[in-house]
Amino acid sequence: MSALLQVEGLSKRYWRGDRDFSALDGISFSIAPGETLALVGPSGSGKSTVARILLRLVEPDAGSIRFNGEELLGLRGAALRATRTKLQMVFQDPLAAFNPRATVARLIDDPLRIHGIVGRADRPKAIAALLERVGLAAELASRRVHEISGGQRQRVAIARALATRPALIVLDEALSALDVLVRGDILNLLAELQRDEGVAYLFISHDLGAVRAVAHRIAIMDSGRIVEEGDAAAVIAAPASATGRALVAATPELPVFPRLPVFKETVS
Amino acid sequence: MSLSRLFRTPEAAAGLVILGLLVAMAVAAPWLFPRDPLAIAGQPLLPPFQDWALPLGTDRLGRDVVAGLFHGARTSLAVGLAAAAASILVGSIVGTVAGFAGGLVDEVLMRITDAFQTVPGFLLSLALVSVVGPSLSVVVAAIALSAWTGPTRIARAEVLSIRERDYVASARVIGMHPVEIAFREVLPNALPPVLALSSVIVAAAILTEAALSFLGLGDPNRVTWGGMIAEGRAVLRSAPYLSVIPGIALVLSVLGVYLAGEGVVEGTAAREGQA
């Protein structure tokens, strides 16, 4: 199966004061269609930098990103905006990631309107359908962002990402702001969406319990490099790298979430 | 916002009462004094409280001072509000574009802002009015010309902080056009601190308009307080009330607008603090 996303030699250096440090040091990985790759690692290992570079929010110093066979880093303007429909992101803190003045309806309406996915007259229906898809009541549409709960907000963020029918969604610590019970519900939702729509995830997290529940493969990062990569269950059961062992050792309550066999069987 | 919160401090209450009075005068002027306030109403230089038809007396040409005061309130308020609206509109757009675009655009726009800020504002207004000619819209433009830089700087500073927020990143991720991001996501959220400036700008605009009129550069077809003060200057020793009365009106209005503005800003801040 050809890769949906192929990242090669991605590097990024930041200047801090008079010293520069390497946020990413030539990392490479790939994601197949409908696959979940978990990117785990301690804070400051460069996970979020990867997410921001993939979404073209930050420019890398070197490397290439091939998405759907197309070089992502060469795209600008309208071509880039068109490609964004296929590559979406869910942020860590949904409250910060939404315009504080927006209503739920407007947040989900934005992608539908901008990319002309649904005609004006049909949009309220499409918004209701998307809300329903992520397990929310359609009545929520008229609420403002700060009037709904954290779990509901993250579901809205997922609905907004789904609106353009993406092939890949980057989830940057998307569950860490949620309480454990809500986290389990959202994990189930993500698995269900992957099964039904064949969307691939780049699941950035430091929570190995959640990673074990949804990821097919796992890549462990430390200091801007990928130090270990392999089948999720195998890596968590027997990590080879020092960082991997430390992460597993630091997760005492494993497994927190039940494994999701139905959806794991769909990818060979 | 509840009214009781606006009237919380005595300063804010006083400001709102004065502002209310000013607005009432401006609105009531054409009904209470339907005659042209520039027309002769009685004998010249009638002192105040002599004739109840002309309670504050008349000026050198026999024009009614009360009528002038009411119609002058209209001019002052109109010029103040229009100039403030124009400066805030221009300032928030220029500031948003500069802060959001960054780079060369930011550099050019901010150097232009610097240039306007280094020239004394009143001089700039004076120059424009004397070149283009005095009319109400030119006076408004002249005042806005020197007042737009403040809102620009505040809007830019606010935009610089907002553009790094996640919701702007999120708007880019869904493919929103940069122009739409700037004016729909960023600008509305940058506006509150800019609007807090409006009372200061209105107060300053009323003063600038009065100063222009005092120098004879106001709209000649309208009564203005500045013009009335200038008119009374010639008879300052024999009839000081002609300058003092519009002078008091001017001071009270500026004070009222400023205090009311402060009150509204504080009331809003208190509301946000409680939320």
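Residues numbered from 1 in each chain as written. Chains lettered and ligands numbered in written order. Predicted model: local features only at pLDDT ≥ 70, side-chain atom pairs only at ≥ 80, totals over all residues.

**Notes on the overall build of chain B**
Point 1. Of the regular secondary structure elements, chain B holds 12 helices and 0 strands.
Point 2. Reading chain B from its N end, one meets helices and strands in the order α-α-α-α-α-α-α-α-α-α-α-α.
Point 3. Each of the three principal axes of chain B carries a C-alpha extent, and together these read 75 × 45 × 30 Å.
Point 4. When burial is assessed residue by residue, chain B has 47% of its 275 residues classed as buried.
Point 5. Expressed as a percentage of contacts within chain B between residues at least 6 apart in sequence, the contacts between residues at least 24 apart total 69%. (Helix = DSSP H or I, 4+ residues; strand = E, 2+ residues; numbered from the N terminus. Buried ≥ 20, exposed ≤ 12 C-beta atoms within 10 Å, placed from the backbone. Contact = placed C-beta atoms within 7 Å.)

**Brief notes about the sheet that holds strand S8 (residues 200–205) of chain A**
Pairing between the strands of a sheet comes from backbone hydrogen bonds, and it takes one of two forms, parallel or antiparallel.
All names here are of chain A.
Point 1. Here we have 6 strands laid out as an open sheet, ordered S6-S7-S8-S3-S9-S10, and mixed in their pairing. Each edge of the open sheet carries a strand with a single partner, namely strand S6 (87–90) and strand S10 (225–231). Neighbouring strand axes in the sheet, compared pairwise and without regard to direction, differ in orientation by 20° on average.
Point 2. When strand S9 (residues 217–222) meets S10, the two strands line up antiparallel, connected through 6 bridges. Pairing of Asp-222 across the sheet is with Arg-225, part of S10. (Pairing = 2+ DSSP bridges. Axes fitted to C-alpha atoms, helices over the stretch in contact; angles between N-to-C directions.)

**Quick notes on the UniProt feature "domain: ABC transmembrane type-1" (unreviewed entry) in chain B**
Point 1. Under the feature "domain: ABC transmembrane type-1" (unreviewed entry), the UniProt entry names residues 73–261 of chain B.
Point 2. When the span residues 73–261 of chain B is considered, its composition is 83% helix and 0% strand, and the gap between its end C-alpha atoms is 18 Å. (UniProt positions renumbered as here; feature names shortened; annotations may be inferred.)

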